[in-house]
Amino acid sequence: MKTKTEKRPAADAPRQPAKLWQLRLYVTSSTPKSLTAFANLKKFCETHLKGRYRITVIDLMKQPHLAKGDQILAVPTVVRQLPQPMRTIIGNLSDTARLLVGLDLRVAE
Amino acid sequence: MKKNGSGRIQNNGHTSAPLAVQLPKCPTGIQGLDEITGGGLPRGRPTLVCGGAGCGKTLLAAEFLVRGAVQFDEPGVLMAFEETEGELKANVASLGFNLDRLVRRKKIVIDYVHVERSEVQESGEYDLEGLFVRLGHAIDSIGAKRVVLDTLEVLFASLPNEAILRSELRRLFRWLKDKGVTAVITAERGRESLTRHGLEEYVSDCVILLDHRVSDQIATRHLRVVKYRGALHGTNEFPFLIGEEGISVLPITSLALNHQVSTERIATGIPRLDAMLGGRGFFRGSSILLTGTAGTGKTIISANFAQAAGRRGERVLFFSFEESPNQIMRNMHSIGLRLEPQVKKGLLRFHSARPSLCGLEMHLATMFKEIATFKPHVVIVDPITSLMDLGSASEGKGMVTRLIDYLKAGQVTSLFTSLTQGGHALQQSEGGMSSLMDSWLLLQDFEGNGERNRVLYVLKARGMKHSNQVREFLISDHGIDVVDAYIGASGVLTGSARVAQNSLEKAAILAGQQEAARLKREVERKRAAIERQISGLRSDYESESAELRRIADQVGTSTLMLTTERAASGILRQADAKVATRTRVRASSNGKAH
């Protein structure tokens, strides 16, 4: 998904653990799945990325036009915008092992 | 397809029987499709369009949207799963649709949905609410009434969890119905089911199947309405074309025979032929078949017919599959027929094409288009047989049926020429087509005495008293002349044999007349002779009878004198009576002695 050109400089090395992780969580209001996903993501980040992550929660019910940009179909969806390359994980993130694979964090930790 | 048994009304040919409640329909604007479906797709419900690759699913869906936006003021959303917005725009531009402008004018929203499986990791439960949100947003942004999902099945490849996908699709179709939009969902044809992933399970209101087949090296697309809940529809497979103006489903075989008919008669341009057809020519709007072997004058009769129509101020569309327009016009000069003025006045239009140029359906589509734009009163197809050779017999017949139906619906008189391969199988070979025709003229060659002559029969003419006679027809510098063939003791004679027979008859009559005159003179002469004889005899008789009278008088007087003399001499001779007797005896004995 290279549709969106990010405004960030290209100098970042993806595996640099010190860099900030930018995550976007797409949800639909406060459905149970969305709430679970947020809780799971928060817990995961606290465990693996403490202090160097930022989660943006986007409620598609309020901002439906944003769904098109990141090609969102499934809800909930987490999009790793930084570090590059962009990665997408769908689901309520209950499967931590898969989330690790999805965010490509196995090597890091 | 398991669920379609109930509630479906089979078309049984009765179109006029009105349903108690007609489902509201959403016209597609696609030529022919609305006729087949009786007005369009079910309004407010999803329709599944399935077919293999290259069938035209996307085009059909796109045309549904574009026509909706342009013709019916119903904005639409196109959710594309396969092609990007740019690709789609370029693809439909070839059909003359300007998607770009419609998008700018907020008549159409295109949303390209792309999910790359390799880029997506699954973790835990999810649903497809994002899709709903996007679709809902697109619909609401322009107040869309129509939605196209092309091709939804791509999701099966993009999303790993099929169970979730299926339940979400079921929800999606429900949701679309609730939204009240008329949706078209395209799907790839499956090997054993209608769609590869069984989408027909969810969309059960209307299913249209597209198909692309090649037979005899000619590819033809077909469309079939597999099911349509609660509505009458044509169940046949209809060929369709993707032309310059989008899809046209061909054509429009009406579900019933209920054409308007006319009692008006139109002249053929050949007075004697009109006379053979009950004196007034063909019915307007009827279909006429002109059968003959090569060189029997089919085109000439057609051209005459065209000219006659032109004289009435009617428009004639002449489809020629063997000759170019100029060639026809030049050749007609040889019989004194000038078609150019008609062409110049716009009353006659030629459409010439080689039959092998394209497939049967394409020809038919072109003809329909020509007919629709020119709106002729008379259509001539010369010859229909070269078109029919393109397909199988049933396809050919189907084509003629559709053409005739179409023409009859518009009260257009149609003349088809048919080239047959000589011999006696003439009528047999036309068996398939002739039943569709109202009138059938047969042109035939008569070979004999070292020449070929043309004769013409009216084999059938529905609804009129027609001649059962064979006529010879002559092609001369000043057109066609139909003359009586000689029918006599020695059979039917044509050409020089007929002329010879005529002169023979004339000679015989002359000879007879001469003979009669001679006989008359003879008799006259005899009568005169006899009369002369009679008068001669009479004068003979009269002279003889006068003589007789004279003699009788004489005898009378002499007798009288004699008796008186005898009496006197008797008295005188009384004395010597004995002497006298003796003298007589002597005289007789002297005679014996010698």
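Just so it is clear, the model here is predicted, and its values are computed rather than measured. (Residues numbered from 1 in each chain as written. Chains lettered and ligands numbered in written order. Predicted model: local features only at pLDDT ≥ 70, side-chain atom pairs only at ≥ 80, totals over all residues.)

S.K.: Go over the pairing of strand β7 (residues 146-150) of chain B with me, naming the residues and quoting the values.
M.R.: One face of the sheet, then the other: side chains in a regular strand alternate in exactly this way. All names here are of chain B. Burial analysis of β7 places 5 of its 5 residues in the buried class, the great majority of the element. Neither face of β7 is left uncovered, since the one carrying R146, V148 and D150 and the one carrying V147 and L149 both have all their residues buried. Relative to β7, strand β4 (residues 76-80) runs parallel, the two being bridged by 5 bridges. Opposite M79, over in β7, you have L149 as the bridge partner. Pairing geometry for β7 and strand β8 (residues 182-188), over 4 bridges, is parallel. Looking across to β8, one finds that V148 is bridged to V184. (Buried ≥ 20, exposed ≤ 12 C-beta atoms within 10 Å, placed from the backbone. Helix = DSSP H or I, 4+ residues; strand = E, 2+ residues; numbered from the N terminus. Pairing = 2+ DSSP bridges.)

S.K.: Can you lay out the pairing of β4(B) for me, pointing to particular residues and giving the numbers?
M.R.: All names here are of chain B. Counting buried positions over the 5 residues of β4 gives 5, a clear majority of the element. Both faces of β4 are covered, namely the face carrying G76, L78 and A80 and the face carrying V77 and M79. With 5 bridges connecting them, β4 and strand β5 (residues 108-112) associate as parallel partners. Directly across from L78, in β5, lies its bridge partner I110.

S.K.: Residues and numbers for the environment of L95(B), please.
M.R.: Within the element layout of this structure, L95(B) appears in the loop between α3 (85-93) and α4 (99-104). Setting aside residues up to four positions removed in sequence, L95(B) forms contacts with L59(B), E245(B) and G246(B). (Contact = placed C-beta atoms within 7 Å.)

S.K.: Quick rundown of the confidence of the model for chain B? Include the residues and the values.
M.R.: Residues and elements named next belong to chain B. Within chain B, residue pLDDT values average 81, and 88% of them lie at 70 or more. For chain B, the element scoring lowest by mean pLDDT is helix α15 (residues 426-429), at 52; strand β16 (residues 316-320) scores highest, at 92. Counted against residues more than four places away or in other chains, residues 1-19, with its pLDDT under 50, gives 22 contacts. (pLDDT = per-residue confidence, 0-100.)

S.K.: Outline the confidence of the model for chain A, supporting the account with residue identities and numerical values.
M.R.: Detailed reading of the predicted model is not advised wherever pLDDT is low. Of the residues in chain A, 80% reach a pLDDT of 70 or more, and the chain-wide mean stands at 77. In the model, residues 1-16 of chain A has pLDDT below 50 throughout and makes 13 contacts with residues more than four positions away in sequence or in other chains.

S.K.: Break down the sheet that holds strand β15 (residues 287-292) of chain B for me, with residues and values.
M.R.: Residues and elements named next belong to chain B. Spatial strand order, β17-β16-β18-β19-β15-β20-β21-β22-β23: 9 strands in an open sheet with mixed pairing. Unpaired on one side and paired on the other, β17 (348-352) and β23 (479-484) mark the two borders of the sheet. Looking at each pair of strands side by side, their axes are set apart by 20° on average, direction ignored. As defined by bridge partners, strand β22 (residues 471-476) adjoins β23 across 6 bridges and the pair is classed as antiparallel. The partner of S476 across the bridge, within β23, is G479. Against the sheet, helix α9 (residues 298-311) engages β15, β16, β17, β18 (378-382), β19 (413-419), β20 (439-448), β22 and β23, with an angle of about 165° to β18. (Axes fitted to C-alpha atoms, helices over the stretch in contact; angles between N-to-C directions.)

S.K.: Report on the nonpolar core, specifying residues and quantitative values.
M.R.: A general trend in soluble globular proteins is that nonpolar side chains are found buried together. Residue and element names in this part refer to chain B. With 156 residues, the main nonpolar core has A306 and I380 as its most contacted residues. Looking at this core element by element, the count peaks at 8 residues for helix α2 (residues 57-71). Residues lining this core come from more than one domain, with at least three contributed by each of domain 1 (27-117 + 126-249) and domain 2 (265-484). In this view, I380 contacts S302, F305, A306, V316, F318, F319 and L415; residues no more than four positions away in its chain are not counted. (Core = buried A, V, L, I, M, F, W, Y, C linked by C-beta atoms within 7 Å. Domains from an automatic or database assignment.)

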